[in-house]
Amino acid sequence: MVGVVGGAKPALPPADSPDVTPVAAPVGTLPAGAPSGVAVPEPGPAEYGPPPALLEPVPERVPETVADAGGRRWAELVVTESWRQTQEARERAAEERRVTLALREAILPEPGASIELPYARIAVRYVPAGRESSLGGDWYDAAPLPDGRMFLAVGDVSGHGLPAIAEMAQLRHALLGLSMTGASPGMLLSWLNALVLTRLDDTTATAVCGHFDPASRLFTWAQAGHPAPILVRRGGVRQLGAPRGVVLGATSSLPYGVADVRLEPGDLLLMFTDGLVERRSRDIGAGVSLVMRAAASTGATGADLDASLDRLLEAIGGPNPEDDTCLLAVAVTGDGPRTA
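Bear in mind that the values here come from a model prediction, so they are computed numbers and not experimental data.

Right, let's talk about the overall build of the chain for a bit. A count of helical and extended segments in the chain gives 6 helices and 11 strands. Expressed as a percentage of the 340 residues in the chain, the buried residues total 40%. In the chain, the proportion of contacts linking residues at least 24 apart, taken out of those at least 6 apart, comes to 68%. For the chain, the accessible area works out to roughly 18,000 Å², and carbon and sulfur atoms hold 58% of it.

With that settled, consider the confidence of the model for the chain. Chain-level pLDDT for the chain is 79 on average; 70% of the residues reach the 70-or-more range. Here helix H1 (residues 45-48) stands out as the element of the chain with the lowest mean pLDDT, 47, in contrast to strand E6 (residues 218-224), whose mean of 98 is the highest. Within the model, the stretch residues 1-10 combines pLDDT values under 50 with 10 contacts to residues more than four positions away or in other chains.

Here we take up the sheet that holds strand E3 (residues 136-144). The antiparallel open sheet is built from 5 strands, whose spatial order is E3-E4-E5-E6-E9. The outermost strands of the open sheet, each flanked by one partner alone, are E3 and strand E9 (259-262). If you compare each strand with its neighbour and ignore which way they point, the axes differ by 15° on average. By the bridge criterion, 8 bridges tie strand E4 (residues 150-160) to strand E5 (residues 205-213) in an arrangement that is antiparallel. Looking at the pairing, Met150 lines up with Phe212 of E5. The strands touched by helix H3 (residues 161-179) are E3, E4 and E5; relative to E4, the strand with the most contacts, the crossing angle is about 155°. In this fold helix H4 (residues 185-199) packs onto E4, E5 and E6, with an angle of close to 25° to the strand it touches most, E6.

Take the environment of Val291 next. Of note, Val291 is situated in helix H5 (residues 284-298). A residue is classified by how much of its surface remains accessible, and Val291, at 1% relative accessible area, is buried. Distance from Val291 to Ala315, taken between C-alpha atoms, is 8.3 Å for residues 24 residues apart in sequence.

What follows is about the nonpolar core. Ranked by internal contacts, the top residues of the largest apolar core, which has 26 residues, are Ile122, Leu152, Phe212, Phe219, Leu328 and Val330. Going through the elements one at a time, strand E2 (120-127), E3, E4, E5, E6, E9, strand E10 (268-272) and strand E11 (325-332) are the ones with two or more residues in this core. Apart from the residues lying within four places of it in its own chain, the contact partners of Val330 are Ala120, Arg121, Ile122, Leu152, Phe212, Asp267, Leu268 and Leu269.

Next up on the list: unusual backbone geometry. For Arg217, which is not a glycine, the phi torsion comes out positive at approximately 60°. Checked against the element boundaries, Arg217 lands in the loop between E5 and E6. For Arg217, a relative accessible area of 6% gives the class buried. Despite not being glycine, Arg234 shows a phi value in the positive range, around 50°. Looking at where Arg234 falls in the secondary structure, it is placed in the loop between strand E7 (230-233) and strand E8 (236-239). Residue Arg234 is classed as exposed on the basis of its relative accessible area of 70%.

Mapped onto the secondary structure, Thr203 falls in the loop between H4 and E5. Sequence-distant contacts of Thr203, defined by excluding residues within four places in its chain, comprise Val157, Glu167, Val196, Leu248 and Gly249.

About the criteria used
- Residues numbered from 1 in each chain as written.
- Predicted model: local features only at pLDDT ≥ 70, side-chain atom pairs only at ≥ 80, totals over all residues.
- Heavy atoms only, no water.
- Helix = DSSP H or I, 4+ residues; strand = E, 2+ residues; numbered from the N terminus.
- Buried < 20%, exposed > 50% of the residue type's maximum accessible area, 1.4 Å probe, protein only.
- Contact = heavy atoms within 4.5 Å.
- Areas by Shrake-Rupley, 256 points an atom, 1.4 Å probe, with all protein chains shown as cover.
- pLDDT = per-residue confidence, 0-100.
- Pairing = 2+ DSSP bridges.
- Axes fitted to C-alpha atoms, helices over the stretch in contact; angles between N-to-C directions.
- Core = buried A, V, L, I, M, F, W, Y, C linked by side-chain atoms within 4.5 Å.

Listed below in structure tokens is the structure:
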């Protein structure tokens, strides 16, 4: 825009003419004292600065929109619901563990009580898994038979929790009842295997069982996919050679063999479940070796049997967090009568 003086409109000079003098004045006006006929160009942004709106301070927090508020509320609801479900799961797990422990205590004999025989002493240690979800179907038995022998057994049903405990109860009670027939340990396991195959679908279990004659000190035994007993004698330790025998519930076509060993005064026989020797951080072979070394160092005879078992469990690292541990021990205490 150009300001003029007089009635005639003069021609505009070139933009680079020395007669054109830019001034900082409102558009269409001339500064005081300006000569007539001088064009006044429009001011640029540098002369007036940015628009007033750009000079206002930016707020520190943009006001929350309805969508933002809804999203935040939804996230809070998700967190609250997740926490509630976690608490309920913990409560259910604690209740299931309480029921499982109560059921197992009702099924199994008292593990802390020792059994005194004329020429031997029997003791049991049962240690539940360290984790609530790992309580399993381990079991044991030590019962007198009508002919004076002792029936000894330990076993382990696959799985954890109440289903495993329920199946363990069936197998333990069935085997104890069958043992009253006086049949050989191999035949007892064959009958028990038939029960698993016909009545307990999708179930497998391991077991070792035998007859101990206190008078002759003969231990006759069989196993079904289970770790063989360990024998401690005069400071030496060895694992007994296992007769043939497959896991219960695997097949009906293979028989169960029988083996025997005659114990001597001062001997210690250990029957156990795999929770004693197996850990997530080591294989079962390394665990057996560790137990054998611990058994040799702790020793056990007669009245010292309970303390020896406690020392052995402590020496191998205490309770297994992943599985129950069952340990049944027979300590031969004297020279009593012995038959051929």
